[in-house]
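# Close look at the chain arrangement
Take a look at the letters that make up each chain.
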Amino acid sequence: MTDRIRVLHVDDDPAVVEAATSALEQEHCGITVETATSVADGIERLDSDAFDCVVAGYDLPEQTGVEFLDAVRKRAPDLPFVLFTSEGSEAAASDAISAGVTEYIRVDGGAEPYARLAHTVVDAVERTADDIEHAQSTRRERAIEELHSTARAFMRATTEDAVAQVTVDTARTILNMPANGVHFADGDSLYPVAWTEQVEELIGTPPVFEAGEALAWQAFETGEARVHDDITSSPDRYNPETDIRSELILPLGDHGVLLIGSSEVSAFDDTDVTLARTLSVHATAALNRLDRDRQLREEREFIDQALDTLDDLFYVIGTDGSLRRWNERIPEVTGYSDDEIGDMAVADFFPDDEHGAVEAAIDETRTTGRVTLEAEILTADGERIPYEFAGTRLTDADGAVAGTVGIGRDISQRRAYERQLERKNERLDEFTSIVSHDLRNPLTVAEGNLELARTERDSDYLDEVSRAHERMRALIDDLLTFARAGETATDLESVTLANIAEECWQTVEGDRATLVVEADRQIRADTAKLRRLVSNLLRNSVEHGSTRAQAPSDRTAEHDEENLTVRVGTVEDTDRHGFYVADDGPGIPSEDREQVFEGGYSTGENGTGFGLKIVQRIAEVHGWTVTATESEAGGARFEVTGLEPA
């Protein structure tokens, strides 16, 4: 049963009105009766307020009850109307029924007419409420089905403006809300993008709403839908003179708002609001999809642009062996067009003798996850270009193999350098062979004849020849060592600095010199070359740290009376890692510290000038740097840096 019922009773007979009111209130405790004495007064009350039922007499001032019924039906076709009269005729009753009267009751028509009136009013209101609820439910269900059918239209929309137009058309045709429009956000403004003709009839061209301005901006800013039954009561309305009375404002996420208006007060019921909300959800989802599509498109374009700037080849190979994606470098290098590449298998890019290796590499990538291969590309013009390919297994979201992604790098220059290096190594081998055999053999013969000559006679000239032979042999040995030091350091292993230093010290003739290992560390190096490097540094300290190779001075005279100390330790600074060899001898003048690494430079009578040059060469092939500086004791200090941190 309806909880509250508002009844408008229009009659100029006070006795009838009083009796009817009493009967109605006794029948239903929630009934409220308001009265009017004329048709004009009754119509005014209906226009200004809402009622659940109208009771009217037949013989009213100025108009009849049937004429009043006609006026009510034009305003509210479903509003219950009971004609309750003490006068009338069969003709009047027929006219009332034709006009759509809910019930026709005679005041003098049988027992307890007022009780019958009360029962009729309550029954009519409840029946009408049920009918309205059913009609609304049916309308809501039908409209929701039709709204869902518009999802295809939203999916077909490829621009925001198209989504706005679908929204406006749907609100007009499916929701029967003809006056509606969509505003999109642009910075601090909401500007109109789509609206109906009815909007222009009511307000003209829709305005642009600035930030903080009007009810539309409030709904957009808060993200909350607004339902205004009468916007004339809102001080924040945009236009105080507007003809719009009711308004629905529904935010479309961060995109804008949907505005629905009506010139009637309380034009939108709960069903209207529900349907409008459903439409706004569909529109917002479509706009969000376009945003995501645009972001994905921009990201894809950015990635494509980045990949196209590579000098290397980028590719994705599908599980069927075809290229699924590639950068612009591939058609540039191969000479094939994108259309041709799309129809080619991976093997088509390589000569026949490379097919087996390429196919095996692709299979290995899918199995092990990563592989590197050197192979020659066969271009459309028949040119063979050497490339190094690094491929990685590609998986989908479920972890299944989806293909291979990789990079191809042109190694033509590297191949040319390797060939050049091979030729240099061949020449170096020829040189070392000459030095090792063709020079050493004659020198050995000369040394033998010198010994024979000494058996026949003794001469200072023969001593000079002997010293010349010794220097020649030292030069040959150092030249061989220097040449071989330039080879690549390939046999790398981890060795201990202290052990290397102790081993090398045994080969150095230094009766008046002492070795002190101050710190130790592991070094990954070619052990043979590292021994030569350390030996040369230790020998340099012993030979040049004594007074025999230096000009006389107070400091060298002081060193005649004391032993030389050579120290080996580590260099561990923030950005430098390595080791040093230092002594407390006379040291190296600052202006000569770079010159000491030049070939042939020596300050000793018997030095060849290649000892430190060999040190520098061995350091370089390991990727290290050697520098000369001053030790804490004022002597020479050589630092070898560029090693991995200890």
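Below you will find a few notes about this structure. (Residues numbered from 1 in each chain as written. Predicted model: local features only at pLDDT ≥ 70, side-chain atom pairs only at ≥ 80, totals over all residues. Heavy atoms only, no water.)

## Let's talk about empty space enclosed by the protein
Rules: Grid points spaced at 1 Å and placed over the protein atoms alone form the basis of the search, with a cavity being a set where a 1.4 Å probe fits but cannot get out and a pocket an open set showing protein on both sides within 12 Å along at least five of seven lines. Lining residues have an atom within 4 Å of a point. Grid points are joined across faces, edges and corners, and a volume is the space filled by probe spheres set on the points. Strands are runs of DSSP state E lasting at least two residues, helices are runs of H or I lasting at least four, and both sets are numbered from the N terminus onward.
This structure, assessed with the given rule, holds one cavity of 30 Å³ or more. For the largest cavity, the calculated volume is near 300 Å³. Surrounding the largest cavity, 20 residues form its lining, Y315, I317, V346, F350 and F389 being those nearest its centre. Mapped onto the lining of the largest cavity, the elements with two or more residues apiece are strand 12 (313-318), helix 11 (329-334), helix 13 (355-368), strand 14 (370-378) and strand 15 (384-395).

## Topic: the packing of helix 17 (residues 527-545) against helix 19 (residues 611-621)
When two helices pack together, their arrangement is given by the angle between the helix axes and the distance between those axes. The cut-off we apply is this: Convention adopted: a line fitted to C-alpha atoms gives each axis, helices being fitted over their contacting stretch, and angles between N-to-C directions are expressed from 0 to 180 degrees. For any pair of crossing helices, the crossing counts as left-handed if the nearer helix is rotated counterclockwise from the farther one by less than a right angle, and right-handed if it is rotated clockwise. Any two residues whose heavy atoms approach within 4.5 Å are treated as being in contact. Each residue gets one label: Ala, Val, Leu, Ile, Met, Phe, Trp, Tyr, Cys and Pro are nonpolar, Asp, Glu, Lys and Arg are charged, and the others, such as Gly, are polar.
Put simply, helix 17 and helix 19 touch, their axes get as near as 9 Å, and they point 145° apart. Our pair here, helix 17 against helix 19, has a crossing hand that is left-handed. Of the residues in helix 19, those in contact with K529, R532, L533, N536, L537 and N540 of helix 17 are G611, L612, I614, V615, I618, A619 and V621. The class makeup of the residues in the contact of helix 17 with helix 19 is eight nonpolar, three polar and two charged.

## Observations regarding the nonpolar core
Inside soluble globular proteins, nonpolar side chains tend to come together where they are buried. Rules: Side-chain atoms within 4.5 Å are what join buried Ala, Val, Leu, Ile, Met, Phe, Trp, Tyr and Cys residues into a set we call a nonpolar core. Under the scheme applied here, a residue whose accessible area is under 20% of the maximum for its type counts as buried, over 50% as exposed, and between as partly exposed, the area being computed with a 1.4 Å probe on protein chains only.
Counting residues in each nonpolar core, the largest one holds 37 residues, and the members touching the most others are I523, L530, L533, L538 and F579. Considering each element in turn, this core owes the most residues, six residues, to helix 17. Beyond its immediate sequence surroundings of up to four residues, I523 is in contact with E493, S494, V495, L497, L530, F579, W624 and L643. If you look at the next biggest cluster of nonpolar residues, it comprises 26 residues, including A157, V166, L252 and L287.

## Some words on the sheet that holds strand 5 (residues 103-106)
Note the threshold: At least two bridges found by DSSP between two strands is the condition for calling them paired.
As summarised here, the arrangement of the five strands in space is 2-1-3-4-5, forming an open sheet in which the pairing is parallel. For this open sheet the edge positions go to strand 2 (31-36) and strand 5, each flanked by a neighbour on one side alone. On average, each strand axis in the sheet is inclined to that of its neighbour by 20°, with strand direction left out of account. Summarising the sheet, strand 3 (residues 53-56) and strand 4 (residues 81-85) pair through three bridges and their orientation is parallel. The residue bridging V55 from the neighbouring strand is V82, located in strand 4. The strands touched by helix 2 (residues 39-48) are strand 1 (5-10), strand 2 and strand 3; relative to strand 1, the strand with the most contacts, the crossing angle is about 160°.

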